[in-house]
Amino acid sequence: MADQGIGLPDADPSGPFDGGGASTGNAAPDGPPAVTQDDAGRVVPVMDDAGLGPADGGVAPVARPLSTVDQRIVPSHALEDGTHPNPAYADARASALSQGYGAYTWGPGESAVPRTLDGGPVPALGRNARRILRFAHLSDLQLTDEESTTRVATVDSRGQASAALRTQDAYLCHLANAAVRAINRENAADPVAFTLLGGDNIDSAQENELDWLIGILNGGLPVECDSGADDDLLAGAANDPKDAFMPEGLAMPWLWVSGNHDELVQGNLGVNNTLRSNATSGFCALGTRDYSDPDEIRSGSGFVSDERRKPMFPAELMARLADTDDGHGISARQVTRGKAFYHYDVADAPVRFVVMDTAAEAGGASGMLRRSDVDAFVKPAIEEAKALGRIVILASHHAIDALTVDGGTLGSRQDGAMRPEEFRAFLAEYDHVLFSLVGHSHVHEVRAIETPGHAYWEVMTSAIADYPHELRMLELWEGDNDHYMLRATAIDVDTDGDPLAEQGRVLGIADYTTGWAALGPLPPAGHTNVELWIRKPSEVPL
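Residues numbered from 1 in each chain as written. Predicted model: local features only at pLDDT ≥ 70, side-chain atom pairs only at ≥ 80, totals over all residues. Heavy atoms only, no water.

(A) Main features of the state of the cysteines. According to the stated counting rule, one finds 1 disulfide in the structure shown. This cysteine, Cys-284, is not joined by any disulfide, and Cys-173 carries the nearest cysteine sulfur, 19 Å off. (Disulfide = S-S within 2.5 Å.)

(B) Layout of the environment of Gly-363. Tracing the sequence through the fold places Gly-363 in the loop between β14 (351-355) and α8 (371-387). Between the C-alpha atoms of Gly-363 and Arg-413, which are 50 residues apart in sequence, the distance is 9.7 Å. In contact with Gly-363, not counting residues within four places along its chain, are Leu-264, Asn-268, Gly-270, Asp-406, Gly-407, Leu-410, Gly-411 and Ser-412. (Helix = DSSP H or I, 4+ residues; strand = E, 2+ residues; numbered from the N terminus. Contact = heavy atoms within 4.5 Å.)

(C) Representation of the packing of aromatic side chains in the model. The full count for this structure, using the stated rule, is 10 aromatic pairs. Centroid distance Phe-341 to Phe-377: 5.6 Å. Interplanar angle 15 degrees. Geometry classified as stacked. Taken together, the residues span a long stretch of sequence, with Phe-341 in the loop between α7 (332-337) and β13 (342-345) and Phe-377 in helix α8 at a distance of 36 residues. Across this residue pair, the class does not change: Phe-341 and Phe-377 are buried. Pairing Phe-423 with Phe-426 gives two aromatic rings, centres 5.7 Å apart and planes at 20 degrees, and the pair type is stacked. Of this pair, Phe-423 and Phe-426 both sit in helix α9 (residues 420-427), 3 residues apart, roughly one helical turn. As far as the burial class goes, Phe-423 and Phe-426 line up, both buried. Among the aromatic side chains, those forming a connected cluster through ring pairs are Phe-135, Phe-194, Tyr-344 and Phe-353. For Arg-298, the ring lying beneath its charged end belongs to Phe-303, and the centroid distance is 3.9 Å. One Lys or Arg, Lys-536, reaches over the ring of Tyr-484 and ends 5.6 Å from the middle of that ring. (Phe/Tyr/Trp six-rings, centres within 6.5 Å; stacked < 30°, edge-to-face > 60°. Buried < 20%, exposed > 50% of the residue type's maximum accessible area, 1.4 Å probe, protein only. Lys NZ or Arg CZ within 6 Å of the ring centre and 35° of its normal.)

(D) Looking closely at the packing of helix α2 (residues 172-189) against helix α10 (residues 499-513). As a packed pair, α2 and α10 sit with axes 8 Å apart at the nearest point and diverge in direction by 110 degrees. Our classification of the angle between α2 and α10 gives roughly perpendicular. For the pair α2 and α10, contact is made by His-174, Leu-175 and Ala-178 and by Leu-500, Ala-501, Gly-504 and Arg-505, respectively. (Axes fitted to C-alpha atoms, helices over the stretch in contact; angles between N-to-C directions. Parallel < 35°, antiparallel > 145°, perpendicular 65-115°, else oblique.)

(E) How the structure looks around the pairing of strand β17 (residues 445-450). Here 6 bridges tie β17 to strand β18 (residues 455-460), and the two strands are oriented antiparallel to one another. Directly across from Arg-447, in β18, lies its bridge partner Glu-458. Hairpin connection of β17 to β18: 4 residues between the antiparallel strands. (Pairing = 2+ DSSP bridges.)

(F) Region of the structure containing the environment of His-527. By the element assignment, His-527 lies in the loop between α10 and β21 (530-535). Separated by 256 residues in sequence, His-527 and Val-271 have C-alpha atoms that sit 35 Å apart. Excluding residues within four positions of it along the chain, His-527 makes contact with Arg-115, His-444, Glu-445, Val-446 and Arg-472.

(G) Up close: α10. With 15 residues, α10 ought to run about 21 Å at 1.5 Å a step, and its terminal C-alpha atoms sit 21 Å apart, in line with that. Burial analysis of α10 places 12 of its 15 residues in the buried class, the great majority of the element. Residues of α10 that are buried include every one of Leu-500, Ala-501, Gly-504, Arg-505, Val-506, Leu-507, Gly-508, Ile-509, Ala-510, Asp-511, Tyr-512 and Thr-513, and no others. Of the surrounding secondary structure, the elements contacted by the buried residues of α10 are β3 (71-75), α1 (90-98), β4 (104-108), α2 and β20 (483-492). Gly-515, located one to two residues past α10, shows a positive phi value of around 90 degrees. (Expected span 1.5 Å × (residues − 1).)

As structure tokens, this is what we get:
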């Protein structure tokens, strides 16, 4: 995949381009309108007499819906403050499940909430409004080698260190595969152009974690998310999370975005030779999983060493990706810098994605952008997009307000690191930057970001690793009214017919309701399913 951007298949000449080489299902401009607005201002299809819209293809859905517009998981147990013992430990986990902490029901869905940057009225939809792109945002998979000797399980807490140990950590590969299945189901019903990762795709920069990720996203070969001792938690094949399984693989291209866990050991420590040696040794100082131990967590010596656990330096990570398939956005230029800065142009739509690597490679879980990288990669990509008449969607792991000069705790101050207000000032003159897609905080959140010159939308997607185990489906619309609209819909992972993924979800709910996930209540309406309107910049012709 070249750094200059790549294209997608040509659009179907029979209908408007939707980013996947197929018709959106919208009528041609000279036919009757295929979409309208309801009383709340939401964009909705024009229904036929049978109650079916163009996207339905005349066939009513039969499978359990994955869109949270239709239904959402409701935990049966109230959210607690962490008084229950940590369910990541074997005995406490059994106790939590017996008390219903992992139980759930299906509740009502959440309709999309139309929003404008200034809180004013939603603009009236034009007759020839059309969707020009549909893609998935898949963030914070955090595929974890939970048996690695670099783990810090004994520091797990209900606060800042709540991700040091997860109740569901052994099942994260299966939850990732369930997310892939969900995207593929969406694609089968309505084409998805590509999947954009959100960072923290793996957990500790390890080679084996990246192998598992690539295997799950590409499919075609068995994946075994196990290291050290060859564990078989339940006699038989493909019946426990340590067994090999056949992943489905995404049915469309995917694009890489780096997070702190992709480049740092435990998402906090810069990779060095000492940590590489520790990771491949048989000694763990701060606790890791040992399935031969009754409590499953222990420290000390006697672990089976494994060379596949070696953490990668950032340039090694970039090289591995560049050599995989089409590179997924990574090429020789990113290998040289050791950072995932690149841009991606969508064919037949005036859209450029500018991908930024906000991991603080010297250490610290918070974000970092250096002025030198902005000047060398981000600024030219944004300015060229303007010259080409393309709007810009930024993509990074960290939100703008998570940018720091030192990476936060366990980091160190770096020359040239930009503060949030500096990056806002940089973006002020670029009114064609309309959206920014981020992750990191493991919640759905939408914010209007003000700069000295204009405002744009920041869209945060929650984690697959943690409850509610949701991704986002994003649709970019041209409203035929001097506005663009980005529809963001939370999509549930598809655990149907996959008992291991379903068990991972149950354990994730238990981690949440006991308070050990430390995520708090779900976000209110207006953050999960939304339609975000923004005025079209004059330089973009469409």
